[in-house]
Amino acid sequence: MKGTRQMSSWKWRMFLAILNEKWDEFSSGKSVVHYYCSFSSLCRTTSQNKQMSNRSAISEFLLLAFADTRELQLLHFGLFLGIYLAALLGNGLILTAVACDHRLHTPMDFFLLNLTLLDLGCISTTLPKAMANVLWDTRAISYQGCAAQVFFFLFFIAAEYFTLTVMSYDRYVAICKPLHYGSLVGSRACAQMAAAAWGSGFLHAVLHTATTFSLPLCQGNAVDQFFCEIPQILKLSCSGSDYLKEVRLLVVSACLAFGCFVFIFFSYVLIFRAVLRMPSEQGRHKAFSTCLPHLAVVSLFVSTAMFAHLKPPFISSPSLDMVVSFLYSVVPPALNPLIYSMRNQDLKEAVKKLFAHMLL
């Protein structure tokens with residue numbers, strides 16, 4: 001009992017000693033300064049976060065105008081309307097011809113059908129909004145509309161590039177391994193490859209859109225492009241870590257795109273080597289006629305996209321960037337039907353029959 005009391009007395013003396021030491025620190029002002037500095041830092045951090053939240057609360061973006069004068073704006077509207085109607089007509093005719101003519105139910109025509117749908121989606125994502133802004137003399141696009149435009153444009157453009165890669169594989173098997181064509185590129189394999197292209201485009205669009213629009217924006221709301229594009233939106237960001245996250249994702253996408261380009265390139269190296277070895281001139285002509293349209297579409301798509309994103313910074317300007325983006329986002333969907341119909345005799349005949357049926 002006596003030992004227990006001594007132990008309690010010892011604990012009590014230790015507690016008083018510690019309390020006295022803390023009181024000395026407090027009375028000397030060190031703890032007050034320490035607590036004040038911690039509180040001030042917390043207040044500054046909270047204030048900065050609130051300020052960043054306020055700065056990133058953007059309700060709309062301002063797109064780049066094509067012209068300043070009303071006359072030039074109406075001229076641009078007429079040009080865009082003509083291009084859009086031509087794209088709708090050309091791609092619509094190919095869709096109808098492939099769907100209705102049994103001679104065009106081949107794997108290559110199936111992929112052409114997918115490419116046509118993607119072209120329609122791609123040009124319909126950017127051009128109608130640009131025409132509406134020109135017609136109503138405005139530059140505004142809502143935050144949600146900008147996010148939707150980025151998502152659908154990335155979805156269609158990525159799925160189109162993957163589809164072009166799959167089409168190069170189809171041409172390689174058809175020319176270099178014709179005896180195995182039915183087993184390697186059957187209806188089930190075609191459906192799986194098309195689904196993979198569309199699914200990859202969807203995943204690509206979701207990742208980039210979610211990452212880009214999670215960034216806090218504090219550099220204004222003016223986008224130096226006629227449609228919402230990720231590189232232009234990244235210029236408005238004020239968060240270094242999140243910015244680098246999207247940049248890393250863009251690097252991964254660029255590596256994937258380069259891998260598809262290498263696959264297409266070596267596929268055509270093998271295709272041309274096999275074609276040049278054919279003894280028949282008629283066989284070489286037929287092989288070239290089936291490959292050249294696809295090669296022309298790939299060249300147009302890749303060259304304009306590469307120039308848009310890999311051009312030197314010293315030649316960059318808002319007007320030049322707008323023209324180059326117009327070339328790779330609008331021109332290929334409008335020209336692809338013309339390119340494919342020039343060398344495909346069955347497609348030509350199907351379109352002629354379709355025209356004749358429409359006129360009667």
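Residues numbered from 1 in each chain as written. Predicted model: local features only at pLDDT ≥ 70, side-chain atom pairs only at ≥ 80, totals over all residues. Heavy atoms only, no water.

## Topic: the state of the cysteines
As enumerated under the stated definition, the model contains one disulfide in all. Across the disulfide, C146 is cross-linked to C228 (sulfur-sulfur distance 2.1 Å). Residues C146 and C228 are joined through a disulfide that is left-handed, its torsion about the S-S bond being -125 degrees. With a gap of 82 residues between them, C146 in helix 5 (residues 143-176) and C228 in the loop between helix 7 (187-212) and helix 8 (230-234) connect regions that are remote in the sequence. Take C228: its relative accessible area is 1%, and that puts it in the buried class. (Disulfide = S-S within 2.5 Å. Helix = DSSP H or I, 4+ residues; strand = E, 2+ residues; numbered from the N terminus. Buried < 20%, exposed > 50% of the residue type's maximum accessible area, 1.4 Å probe, protein only.)

## Considering the side chain of T125
With respect to the helices, strands and loops of the structure, T125 is situated in helix 4 (residues 107-135). A distance of 2.7 Å separates a polar side-chain atom of T125 from the backbone oxygen of G121. Excluding residues within four positions of it along the chain, T125 makes contact with Q149, F152, F153 and F156. (Polar contact = N/O pair within 3.5 Å; in protein donor to acceptor, adjacent residues only side chain to side chain. Contact = heavy atoms within 4.5 Å.)

## A closer look at a nonpolar patch on the surface
Where nonpolar side chains cluster on the molecular surface, the patch consists of F258, F261, F265, F266 and V269 and spans about 510 Å² of accessible area. Looking at the secondary structure, you find F261 in helix 9 (residues 240-276). Residue F261 is classed as partly exposed on the basis of its relative accessible area of 33%. (Patch = residues over 30% accessible without salt bridge, like charges linked within 9 Å, V, L, I, M, F, W, Y side chains within 5 Å. Areas by Shrake-Rupley, 256 points an atom, 1.4 Å probe, with all protein chains shown as cover. Salt bridge = Lys/Arg side-chain N within 4 Å of Asp/Glu carboxyl O.)

## Thoughts on the pattern of salt bridges
Going through the model one piece at a time under the given rule, you end up with one salt bridge. In this structure, the salt-bridge partner of D170 is R171, at a minimum N-O distance of 2.8 Å. Here D170 matches R171 in class, with each residue buried.

## Some details on the packing of helix 3 (residues 70-100) against helix 4
One can describe the packing of helix 3 onto helix 4 by two numbers: an axis separation of 9 Å at closest approach and a directional angle of 160 degrees. In this view, helix 3 runs roughly antiparallel relative to helix 4, as classed from their interaxial angle. Relative to helix 4, helix 3 is oriented so that their crossing is left-handed. Tallied by class, residues from the contact of helix 3 with helix 4 come to 21 nonpolar, four polar and three charged. (Axes fitted to C-alpha atoms, helices over the stretch in contact; angles between N-to-C directions. Parallel < 35°, antiparallel > 145°, perpendicular 65-115°, else oblique. Left-handed = near helix turned anticlockwise from the far one by under 90°. Nonpolar A, V, L, I, M, F, W, Y, C, P; charged D, E, K, R; others polar.)

## Observations regarding unusual backbone geometry
A positive phi angle is found at D137, which is not glycine, with a value near 55 degrees. Among the secondary structure elements, D137 is positioned in the loop between helix 4 and strand 2 (140-142).

## Quick word on the environment of L207
If you trace the backbone, L207 turns up in helix 7. For the pair formed by L207 and F151, sequence separation is 56 residues and the distance between their alpha carbons is 9.3 Å.

## Examining the packing of helix 5 against helix 7
Interhelical geometry of helix 5 versus helix 7 gives an angle of 145 degrees and a closest axis separation of 7 Å. Helix 5 and helix 7 meet at a crossing whose hand is right-handed. Where helix 5 abuts helix 7, its residues A147, V150, F151, L154, F155, A158, A159, F162, T163, V166 and Y169 lie against M193, A197, W198, S200, G201, F202, H204, A205, V206, H208 and T209. Residues that form the contact of helix 5 with helix 7 fall into these classes: 16 nonpolar, six polar and no charged.

## Some remarks on the environment of D224
Within the element layout of this structure, D224 appears in the loop between helix 7 and helix 8. D224 sits 94 residues away from P318 along the chain, and the two C-alpha atoms are 5.9 Å apart.

## Some remarks on helix 10 (residues 281-310)
The largest bend in helix 10 comes to about 30 degrees, at C291, with the proline P293 one to four residues further on. Of the positions making up helix 10, those classed as buried are A287, S289, C291, P293, H294, V297, V298, F301, V302, T304, A305 and A308. The opening residue of helix 10, the one whose side-chain oxygen lies 3.3 Å from the backbone nitrogen of Q282, is S280. (Bend = angle between axes of the 7 residues up to and from the residue.)

## Some thoughts on the packing of aromatic side chains
As enumerated under the stated definition, the model contains 20 aromatic pairs in all. Seen in terms of ring centroids, F155 and F202 are 6.2 Å apart; in terms of plane orientation they differ by 90 degrees. Their pairing is edge-to-face. In this pair, F155 sits in helix 5 while F202 sits in helix 7, placing the two residues 47 residues apart along the sequence. An aromatic cluster of three or more residues is present, and its members are F66, F80, F153, F226, F227, F326 and Y328. (Phe/Tyr/Trp six-rings, centres within 6.5 Å; stacked < 30°, edge-to-face > 60°.)

## Some words on the side chain of S267
Within the secondary structure, S267 sits in helix 9. Overall, the relative accessible area of 6% leaves S267 in the buried class. When neighbours within four sequence positions are excluded, S267 is seen to be in contact with S168 and Y172.

## Overview of the environment of A132
Within the secondary structure layout, A132 lies in helix 4. According to the relative accessible area criterion, A132 is partly exposed, its value standing at 27%. It is 8.4 Å that separates the C-alpha atoms of A132 and F77, two residues lying 55 residues apart in sequence.

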